[in-house]
Structures are given as C-alpha cells and as structure tokens.
Amino acid sequence: MIHSHRPQIVYIDEPKLEFRYGQQLEYARDGLYLYGPVDAEAFPRQIRYGFIGTKAGLARFERWATQVSSFISTPPPRKGAKEKEPHHVPFPGFSEAFNALWSNKPAKVIDDLDEEDLKRQLHIANRHEAIKSVVDAYVDRLVADKRRDEDPPAFWYVVIPEFIYELGRPQSVVPRAERVEGRVAISQRDAQKLSKQPNLFGFDEEDAQVYKYERNFRRQLKARLLDDHIVTQLVRESTLTPGDFLKSNGDLKRRVEDPATIAWKLCTGSYYKGGGRPWQIASMRPGVCYVGLVYKKQNDTETARYSVCAAQMFLSDGEGVVFRGALGPWFHPDTKQFHLDAEAAARLVGTVLDEYKRRHGGEPTELFIHAKSSFNDDEWAGFQAACAGTSTNVVGIQISDAWDQLKLFRQGSYPVIRGTALVTNNKSGYLFTSGFVPRLGTYMGPDTPNPLHVCIRRGDAPLETVMRDVLALSKINFNTCLFNDRSPVTIRFADAIGDILVAAPLSKEPMLPFKFYI
C-alpha cells in the first residue's frame, strides 16, 4: 500500500508471464523453453513465411533457417565473466520452443532481385530517388505476389545485403566519385514550390512525388506495404551468417550477438508474425485496456504544427492494434508538446472503444491512456466524451524519461533492483524499469539505471496498480524476447510507429495489428 504523506521507497514484484498449460514464469525464454507458447494447441501451428532478397541472401537465409531448426547452445563465458551467465538460455529449436512446424525452405521465394542493379540505384546522387527506387523493387514484387496468390505467406523475411543497410538510411552519404545520375531533375525546394503552384503540363509534378517518401529504406518499405496488408521481418545478411563477412585479418566485420540469442529474437518475432501469441501477462485484471498515443510532425521544423496522430491499443494478452487518427495542428511550439482538440480526441478513443467492443462484446472496465506529454483540458474532454454513457474508467498517465533527475544506489556490486520506485505522492513517482534482475543475476544496461517518471494526470487509479501495469507492459515485445524493455510497449514503439506513418503517402487511415509496424 502506498501512502501519500511523504516520499517513500517501495518495491513492486516482478510481473510474471503466462505460457502453455497456464504456467507462469518471469523470463520469456524460460517459459518457451519449458512449456511453449501460451496459445499452443494439440496440433502444431504451421509457420508459413516467404523470402525476398538476392540469390546470395537466400543461400544465407536457408543456412540460418536450418541452424534454428535444432538445438543451439549458449555461448562460452566471456573473459572475466561468471562461469554461468543466467541471462543466456539455450535455444531448443524452433519447433521445440514454439510447438510449431518450421521449414528451412520458405513457402514462397522471390530471389531474382539483381544485386548489381540495386547497388546502382542506391548510388544515385538524389537520395530520395535512390532509396525510393530500391524500395520500389521490393514493394512491386511483394504487392504483385500478394494480388495473384490466393494463399500468400503470413509474413515475408526481407533479407537485405549490407550495402542497403549502409546506404538506405537518412544520413548515408555516397562518395562523390561513386555517384550516378538519376532521372529526377527537380530539386526538393522546387518540388515544394510546385505543390503550391502546379505547372500546366504535369511532368515536374510526377518527379516531385519522390520527395514525399522518407529517405529510410526500412520505414518507407513498412509504410508502403500497409495498404496491401503485407507483414515483413527485415534482417541483414550479416546477422544471419556473420562468418561470411570478415576483415582481412580474419576478424568479423560486425560483432553480433551469439547464435542462440539471435535465434530467440528472430524466431519469437516469426512466431508472432506467423499468427501466434508467444506469451501474455499473467494474472492481469479482466477488462483492462491500454492505449499509447503516437504523434509525428509532418514537417520536422521548429514551428511546424501539423502532425499525424495515432493510438496503439494493447490488451493484457499482448494483442496490439494501431489506429491512425487525423492530421492536424497538434504540435504546440511554445510547450513543445502534442495535444489533440476535443473532436479529434473523442474520435480517436471512440475508434479504440469500438474495436475493443467488437473483439470482446463490451466496453473495457479500465482504459489507461499513456502518453509522453500531459493532457490539456480540451483533449481530456474529448477522451471523456468518447467514454460517456459507458462503465469505462478512463485514466490519463504521463510516462516520461527521468534521466539524471534521480539516482538510487544500494550496497553491493549491482545497481538498484528493477521494480524499485520512489513514490513522491499518491499521483506520481519514479519507477526503475531497468536495474538488477535477480532471475538474470545481473544488470543488462551499460550505465547507472535511470527511472521513468510515472504520473497520473487525469482520472483516478491506485498508483501502485499503474506502476505494476507499466512494469508488466515493459515485457510485451515479441520482436526481441528480452527479459524486458525500459519502456512499456505503449511508449516504447511510439516514435517508431510515427516514423512509419509519415514515411510515405497513405491512401487511407489504416487500422492494423501492431505486427505490421515492427
């Protein structure tokens, strides 16, 4: 019980996850190794996936897919490390971990992407044109396959050569001597003028379209596949077979994690994107729903106000849905915060409630709205209006980084235990979601742990319940199979989802499962 009279230190027990047969454990890898996924049935689930990449990429992928078909032991202890490192868990093999049917041969293969042609396109001097051209090569093939295939794969492995990773990012620079000419002659500045003053012939307008796409291969690819509902898992060739990429002295060009850890991460993501549910939060209250607000400015300048908003809805079973909201002047340069107006707020939360009701046959009893910003009166009035006439208790929670605002220390070699909180009053406190984890026998971070500031800004709920939920939601990341993230899933992916929503023009406001964005 938290008392409000003066600051106090409390400890919140590590939340457990639920696996097959209703078994509960703290660490996802323990649960999968011992019991299997929470949704496992008598008949193993078939994981149908596709592959797109180059022929060399396919050969590397199939070697890796064969490797994860069987047992992978933990790495030997590092120099100076403990004899046993409890955070390492051997990977038992895909079928054994997930009670699923896994083949080292993809159900569908697109391996005729020409490596030399992709390289040439990525060296085009105009970086917008360069990256869009390469994304075109992937999107055109995936969309064409989706439209003619009556039984498409559940998701696609997009295996990218190293040069796409190195040159497919916003800050990538192609040496001047290696640049090649493209076909787009109009500059970005002239393209912006053209959007206000179109010419009579339309030629330049067509070329100017290239500037509407993000200069980031991953974000643009994910964004452009939303309309066609295509799920992807991007991975570098050097992650799958690091031994193929060596320096002249024989050392690895790139240090990657050990094979068992890579297998846990990629295979858990594959099971999730293949339609499975690896685990869920154990002993969660029925009828609870969490929403994370997402904002992204359309124009990344100091004074730009127009922003895209979205909501991520998460349930205790880990299911997530992303709702894109309206574009509007949500950014306030004076406070550097985002706020919806009442109408947009009501419509966004109303959409969330409708979807919840469609899935569960009734409204949630508790609706927690998580955001990095606070909530202004107009915005909150909209959220409350959406819940009017229901039995839903809506609570607004601000969750922000508290870097260097507070440090806690304890005796011994390790830092503060994850789950420790400094409660300042009955509405706010500092929660350490990172720190020493007894199950792992170590602290996995690089620096002294920093807490999150958790504050109940609107509505009523016990602070200890709010903090326990935040701690539990830091364990719902099916793309990594880590013990936990530092942030709850409602906040952890807010920026990443926002980046994808503005990475390419969208023809509609999609409402898609979370797996389309990670």
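Everything numeric here is computed off the predicted structure, so don't read it as measured data.

Here we look at the packing of helix α12 (residues 342-360) against helix α13 (residues 377-387)
- The N-to-C vectors of α12 and α13 enclose an angle of 35°; their axes lie 7 Å apart at closest approach. Relative to α13, the crossing made by α12 is right-handed. Here α12 contributes A342, A345, A346, V349, G350 and L353 to the contact with α13, which in turn contributes D378, E379, G382, F383, A386 and C387.
- Residues belonging to the contact of α12 with α13 are distributed by class as follows: eight nonpolar, two polar and two charged.

As for the domain arrangement of the chain
- Domain parsing of the chain yields domain 1 (108-274) and domain 2 (280-516).
- Listed by partner, the interface residues are 21 residues for domain 1 and 18 residues for domain 2.
- Taken as a group, L226, D227 and Y272 account for 34% of the area that domain 1 buries against domain 2, more than any other trio of residues on that side.
- Here domain 1 and domain 2 share one salt bridge between them.

Structural notes on the sheet that holds strand β12 (residues 307-315)
- Strand order in the open sheet formed by 10 strands is β1-β18-β19-β20-β17-β16-β11-β12-β13-β21, and the pairing between neighbours is mixed. Two strands close off the open sheet at either side, each with one partner strand: β1 (8-11) and β21 (511-513). With strand direction ignored, the average angle separating the axes of adjacent strands in the sheet is 25°.
- Each of β11 (288-297), β16 (366-371), β17 (393-401) and β20 (452-458) is contacted by α13, which is oriented at about 140° to β17, the strand it contacts most.

Describing the sheet that holds strand β3 (residues 24-25)
- Read from one edge of the open sheet, three strands run β3-β2-β10, paired in antiparallel fashion. Edge strands, defined here as strands with exactly one partner in the open sheet, are β3 and β10 (280-281).
- Strand direction decides the pairing type here: strand β2 (residues 17-18) and β10, joined by two bridges, are antiparallel. Along β10, the bridge assignment pairs L17 with I281.

Describing the packing of aromatic side chains
- What the rule picks out here adds up to 27 aromatic pairs.
- Their ring planes at 80° and their centres at 5.8 Å tell us that Y49 and Y157 sit as a pair that is edge-to-face. One end of the pair, Y49, is in strand β5 (residues 49-52); the other, Y157, is in strand β8 (residues 155-160), and 108 residues separate them in sequence. The residues Y49 and Y157 share a single accessibility class, namely buried.
- When the centroid spacing of 4.4 Å and the interplanar angle of 15° are considered together, the rings of F94 and W102 count as stacked. Just as F94 is buried, W102 falls in that class too.
- Put simply, the rings of Y49, F51, F61, W64, F94, F98, W102, F155, Y157 and Y271 touch in pairs and so form one group of aromatic residues.

Each value, and the rule that gives it
- Residues numbered from 1 in each chain as written.
- Predicted model: local features only at pLDDT ≥ 70, side-chain atom pairs only at ≥ 80, totals over all residues.
- Heavy atoms only, no water.
- Axes fitted to C-alpha atoms, helices over the stretch in contact; angles between N-to-C directions.
- Helix = DSSP H or I, 4+ residues; strand = E, 2+ residues; numbered from the N terminus.
- Left-handed = near helix turned anticlockwise from the far one by under 90°.
- Contact = heavy atoms within 4.5 Å.
- Nonpolar A, V, L, I, M, F, W, Y, C, P; charged D, E, K, R; others polar.
- Domains from an automatic or database assignment.
- Buried area = accessible area lost by both parts, 1.4 Å probe.
- Salt bridge = Lys/Arg side-chain N within 4 Å of Asp/Glu carboxyl O.
- Pairing = 2+ DSSP bridges.
- Phe/Tyr/Trp six-rings, centres within 6.5 Å; stacked < 30°, edge-to-face > 60°.
- Buried < 20%, exposed > 50% of the residue type's maximum accessible area, 1.4 Å probe, protein only.

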